[in-house]
Amino acid sequence: RRSRMKLLFVIHQYFPQCHSGTEQYCRAVAREATRRGHDVTILSLDPWVWRDDPPLWLRDEPYEGLSTLRLRHWEGLSANDVLLDGHNPVVAHKVASVLAELRPDAVHVFHLRRLGADLLDVARAHSKRVVVSLTYRSAADTTVAEWDGSAYHVLAPLPASRDEDGTLRWFR
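This text gives an overview of the structure that appears in the document. All figures in this text were calculated on a predicted structure; none of them were measured in a lab.

### A closer look at the overall build of the chain
Okay, so step 1: Looking only at helices and strands, one finds 3 helices and 10 strands in the chain.
Okay, so step 2: In the chain, the succession of α and β elements from N to C terminus is β-α-β-β-β-α-β-α-β-β-β-β-β.
Okay, so step 3: Counting across all 172 residues of the chain, residues that qualify as buried make up 44%.
Okay, so step 4: Working note: accessible area of the chain is about 9,200 Å², and carbon and sulfur atoms make up 52% of it.

Okay, structure coming up:
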């Protein structure tokens, strides 16, 4: 029997405001992990990045029974908006404080848009495991990869499968 894990799922946007492919995938994995007895917290950017009232905040807005931390990062805090996907020290610093408080056993990153790839280094420094799902094509073609600080190492494909009752499962 596997032990209960504390999991942090990181995604650029999430329900109820945003609900496209990556959000659907993250939600399915979160539901399955919860069904299996794990503690799941979702960390997502607040979708209203142009609002500066206040420019940076973090609050818990539970969704479907899951702790869903919303991080507002006003785009005006960055000197170069184009670089936010790769380097976002303001978000990385805020996420480091979340990781220090939550102390998750694993961080699963679903999408880093506007969060900054440097968040992966922060996650690695605060968690035993960091998993990155590459979900840009479609969830059915997802690859699970691990970031070692300099490169992704593909671990395995994670195809969807259906249970006997037709329920779509994303977790093995």
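### Some points on the packing of aromatic side chains
Okay, so step 1: What the rule picks out here adds up to 3 aromatic pairs.
Okay, so step 2: An angle of 90° between the planes, with centres 6.2 Å apart, marks the rings of tyrosine 14 and tyrosine 63 as edge-to-face. Note that tyrosine 14 is positioned in the loop between strand S1 (6–11) and helix H1 (21–35) and tyrosine 63 in the loop between strand S3 (56–60) and strand S4 (67–73), a separation of 49 residues in sequence.
Okay, so step 3: Relative to phenylalanine 110, the ring of tyrosine 25 has its centre 5.3 Å away and its plane inclined at 70°; by these criteria the two rings are edge-to-face. Note that tyrosine 25 is positioned in helix H1 and phenylalanine 110 in the loop between strand S5 (106–109) and helix H3 (118–126), a separation of 85 residues in sequence. By the burial criterion, tyrosine 25 is buried, and phenylalanine 110 matches it.
Okay, so step 4: An aromatic cluster is built from Phe9, Tyr25 and Phe110, whose rings are joined through pairwise contacts.
Okay, so step 5: The ring centre of tryptophan 57 lies 3.9 Å from the NZ or CZ of arginine 59, which sits over that ring.

### Concerning helix H2 (residues 89–102)
Okay, so step 1: With 14 residues, H2 should reach 20 Å at 1.5 Å per residue; the first-to-last C-alpha distance of 20 Å fits that figure.
Okay, so step 2: Among the residues of H2, Val91, Ala92, Val95, Ala96, Val98 and Leu99 are the ones counted as buried. For H2, the buried positions fall inside an angular range of 165° around the axis, keeping them on one side. Those residues of H2 that are exposed and aimed more than 90 degrees away from the buried face are His93 and Glu101.
Okay, so step 3: Against the buried residues of H2 lie S1, strand S2 (39–45), S3, S4, S5 and H3.
Okay, so step 4: In the stretch just after H2, arginine 103 is the one whose phi turns positive, near 50°.

### Points about the environment of serine 67
Okay, so step 1: With respect to the helices and strands, serine 67 occurs in strand S4.
Okay, so step 2: As for serine 67 and aspartate 39, which are separated by 28 residues in sequence, their C-alpha atoms are 9.3 Å apart.
Okay, so step 3: Apart from the residues within four sequence positions on either side, serine 67 is in contact with Val40, Thr41, Ile42 and Asp60.
Okay, so step 4: Within the structure, serine 67 has its side chain in polar contact with the side chain of aspartate 60 (distance 3.1 Å).

### Here we look at the pairing of S1
Put simply, side chains in a regular strand alternate between the two faces of the sheet.
Okay, so step 1: Of all the 6 residues making up S1, 5 are buried; the element is thus mostly covered by neighbouring parts of the structure.
Okay, so step 2: Relative to S2, S1 runs parallel, the two sharing 6 bridges. The residue bridging leucine 8 from the neighbouring strand is threonine 41, located in S2.
Okay, so step 3: Relative to S5, S1 runs parallel, the two being bridged by 4 bridges. Bridge pairing in S5 places leucine 7 opposite alanine 106.

### What about the side chain of histidine 111?
Okay, so step 1: Tracing the sequence through the fold places histidine 111 in the loop between S5 and H3.
Okay, so step 2: A distance of 3.1 Å separates a polar side-chain atom of histidine 111 from the backbone nitrogen of arginine 113.

### Side note on the pattern of salt bridges
Okay, so step 1: Applying the stated criterion across every chain yields a total of 9 salt bridges.
Okay, so step 2: Residue arginine 4 pairs with aspartate 39 through a salt bridge whose shortest N-O separation is 2.4 Å. Highlighted residues: arginine 4 in the segment before S1 and aspartate 39 in strand S2, separated in sequence by 35 residues.
Okay, so step 3: Overall, arginine 4 belongs to the exposed group, its relative accessible area being 55%.
Okay, so step 4: Aspartate 39 gets classed as partly exposed once you look at its relative accessible area, which sits at 33%.
Okay, so step 5: The shortest N-O distance in the salt bridge between aspartate 105 and lysine 128 comes to 3.4 Å. Residue aspartate 105 is found in the loop between H2 and S5, and its partner lysine 128 is found in the loop between H3 and strand S6 (129–134); the two are separated by 23 residues along the sequence.
Okay, so step 6: Here aspartate 105 falls in the buried class, since its relative accessible area comes to 18%.

The rules behind the values
Residues numbered from 1 in each chain as written. Predicted model: local features only at pLDDT ≥ 70, side-chain atom pairs only at ≥ 80, totals over all residues. Heavy atoms only, no water. Helix = DSSP H or I, 4+ residues; strand = E, 2+ residues; numbered from the N terminus. Buried < 20%, exposed > 50% of the residue type's maximum accessible area, 1.4 Å probe, protein only. Areas by Shrake-Rupley, 256 points an atom, 1.4 Å probe, with all protein chains shown as cover. Phe/Tyr/Trp six-rings, centres within 6.5 Å; stacked < 30°, edge-to-face > 60°. Lys NZ or Arg CZ within 6 Å of the ring centre and 35° of its normal. Expected span 1.5 Å × (residues − 1). Arc of directions from axis to C-beta. Contact = heavy atoms within 4.5 Å. Polar contact = N/O pair within 3.5 Å; in protein donor to acceptor, adjacent residues only side chain to side chain. Pairing = 2+ DSSP bridges. Salt bridge = Lys/Arg side-chain N within 4 Å of Asp/Glu carboxyl O.

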